[in-house]
Amino acid sequence: MKSAKSINTLNISQNANKMYVLLIEQDLSLANTMIETLFSIPFYEVKVIQVSTFSGAMQALETIIFNLIIMDFVSSDESGMDSLNKLRIKNPNVPIVLLTDSLDELLARDVFRKGAQDYLEKGELSSKLLARVIRQATERKSVEVELLNEREVAMKSSQSKSVFLANMSHEIRTPLSAILGYTEVLSEDHIPHEERLGLIEIIRRNGQHLSKIINEILDLSKIEAGRLNIEHATFDLIEMVNEVFFLFQGPKNKSIELKLRNEGPIPRFVQSDRTRVRQILINLIGNAIKFSQKGIIEIKLQTLFSPNKNQIAFFITDNGPGICKSQRSKIFEPFGQADSTINRKYGGTGLGLILARNLARALGGDVELVFSSGMGSIFKATIDVGPLTETPMVDALVPSIAVEASVHQDIELKGVRVLVVDDTSDSQMLVKRLLERAGAEVDCANDGAEGVKKALTTYPDVVLMDIQMPEIDGYAATAKLRSQGYKKPIIAFTAHAMKEERDRCLACGCDDYASKPINRVTLLELVAKNASLIPRPLRVIHPN
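Before going into details, it helps to say that this report is about the structure given with it. (Residues numbered from 1 in each chain as written. Predicted model: local features only at pLDDT ≥ 70, side-chain atom pairs only at ≥ 80, totals over all residues. Heavy atoms only, no water.)

With that out of the way, let us pick up the overall build of the protein. The secondary structure content of the protein amounts to 15 helices and 19 strands. Buried positions account for 47% of the 544 residues belonging to the protein. Only carbon and sulfur atoms are counted for the fraction: they give 52% of the accessible area of the protein, which is about 27500 Å². (Helix = DSSP H or I, 4+ residues; strand = E, 2+ residues; numbered from the N terminus. Buried < 20%, exposed > 50% of the residue type's maximum accessible area, 1.4 Å probe, protein only. Areas by Shrake-Rupley, 256 points an atom, 1.4 Å probe, with all protein chains shown as cover.)

What follows is the structure, encoded as structure tokens:
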């Protein structure tokens, strides 16, 4: 009996005419006939490993990569169907041909469904027939694997698209809700000047955030299409860095101090695209602030001189939770963040880092993560800045709350107690204001855990529950309230606006659903409708 020599794990070239075959056959006479027939096939250099039992086959598969498995359908230690199923699971990309005395149509259908590509009847063996069967089985398996790979790629693409659209819906609708809501408030008469200025500042802040999101999406699309315009011109680097530095001074609601320093002399004037360099810095510093709760965020500049090109390196050091090694490659993927909980806890589109990197590469540099631990991370951005022989060098870098006003209400909610659970202060403030002007008694919670605690303690008439929140999201908070006996209405109040989101909210225990942005009248009608589930008179006041 001929067989291949003892072989360690083999790498089989798809272009070679070598064929490594595993033959599972307990009848030695038939096995020898089969091997001789395999060796007589033209155009193939065949190497055969023959085993008599299925367990022996499984051992051989641990050390050798085969191109083909030929299996007697009747094995000494396994049923044919079980053997076929196990081989398919262990070797999903290897074609399997069955040896059988005969195979009726019904059984043939079953074995093909279990993963066999073809079968041979033992009494009809010939090199010509075997060559045809091997060729067809290999081609069928190749097509099958290709289709499965394409299906997997399509499914991943579809999932990524769905996640991206859901995140974009949330990120866009959240600031849009504040903009439209406060614009409506501004249309009221007799608002004091100081309060009007405060409301305008909220609208401006949310408008800038919305603009940033849209610009990131458009810029990334331009980069991927190769249509991003880069303008090289001389500009004042120190002035631009100070402009960005002061833009981030005093991050709201955080005990963060920004520090700016240089290591070595820095050129005053450089040649690059000022707008794009500014955009890179804003993305990286904004990212550092988002992930840091307190402490110092340092921005360090360093000039990198070389005979071929000169670069400026920006080092941004944060105090965030760090990024584990297994997740570091994902932070530079479009629409990706280190893990799914990051988006829920910190928000964001997942575009900032990949956009900063692509912009830096368009400017002759790069963005990379140079250090990360549980105490923080350091990102480094570099850009080419042209010749520095004639530019002066710098040795050291020196770097309102809205007031309440009266609101005319169409619906009176006097005495209705509402709990607003929302981690966005602007949205929380807007909803609280509108409800209180309608006469409701409003309490607020900043996250899902606090919302559950307050709802079970104060037992409000209606709960307005934001869905995407850190730690405990709206789904989990609602389910927990229902499991602990809270029976009053819960309204899902979310920036997600897709139908499946509404269905999921109602399935987890919410009584109603509203998507942001929401106008005053709709909000009051929604609360009034759900409060009416509790016997309580609601009086509609018609305007003059």
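Text resumes after the structure shown.
Secondary-structure assignment places Asp-236 in strand E6 (residues 233-236). Side-chain polar atoms of Asp-236 contact the backbone nitrogen of Glu-239, separated by 3.0 Å. There is a polar contact of 2.8 Å between the side chain of Asp-236 and the side chain of Arg-268. Beyond its immediate chain neighbours, meaning those up to four positions away, Asp-236 contacts Arg-268 and Phe-269. (Polar contact = N/O pair within 3.5 Å; in protein donor to acceptor, adjacent residues only side chain to side chain. Contact = heavy atoms within 4.5 Å.)

The next subject is the pairing of strand E12 (residues 366-373). Across 7 bridges, the pairing between E12 and strand E13 (residues 376-384) is antiparallel. Looking at the pairing, Glu-368 lines up with Lys-380 of E13. Two successive antiparallel strands, E12 and E13, enclose a turn made up of 2 residues. (Pairing = 2+ DSSP bridges.)

Any two packed helices are characterised by the angle at which their axes cross and by the distance between the axes. Running from amino to carboxyl end, helix H7 (residues 237-247) crosses helix H8 (residues 274-291) at an angle of 35 degrees, the nearest separation of the two axes being 10 Å. As H7 runs across H8, the sense of the crossing is right-handed. For the pair H7 and H8, contact is made by Glu-239, Met-240, Val-241, Glu-243, Val-244 and Leu-247 and by Arg-274, Val-277, Arg-278, Leu-281, Ile-282 and Ile-285, respectively. Here the contact of H7 with H8 is built from residues that sort into 8 nonpolar, no polar and 4 charged. (Axes fitted to C-alpha atoms, helices over the stretch in contact; angles between N-to-C directions. Left-handed = near helix turned anticlockwise from the far one by under 90°. Nonpolar A, V, L, I, M, F, W, Y, C, P; charged D, E, K, R; others polar.)

With that out of the way, let us pick up the sheet that holds E12. As summarised here, the arrangement of the 5 strands in space is E7-E10-E11-E13-E12, forming an open sheet in which the pairing is mixed. On the outer flanks of this sheet lie strand E7 (255-263) and E12, each paired with one strand and no other. Between one strand axis and the next, the sheet turns through 15 degrees on average, direction left out of account. Two elements, strand E10 (residues 294-304) and strand E11 (residues 311-317), share 7 bridges in a ladder whose sense is antiparallel. Each bridged residue has a counterpart across the sheet, and for Thr-303 the counterpart in E11 is Ile-312. Docked against the sheet, H8 engages E7, E10, E11, E12 and E13, running at close to 20 degrees with respect to E11. Together, E12 and E13 form the strand contacts of helix H10 (residues 352-362), whose direction differs from that of E12 by roughly 135 degrees.

This next bit is on the environment of Cys-510. Structurally, Cys-510 can be placed in the loop between helix H14 (499-507) and strand E19 (512-515). On the basis of relative accessibility, which here comes to 7%, the residue Cys-510 falls in the buried class. The sequence separation of Cys-510 and Thr-478 amounts to 32 residues, and the corresponding C-alpha distance is 6.8 Å. Not counting chain neighbours up to four residues away, the residues in contact with Cys-510 comprise Thr-478, Ile-490, Ala-492 and Cys-505.

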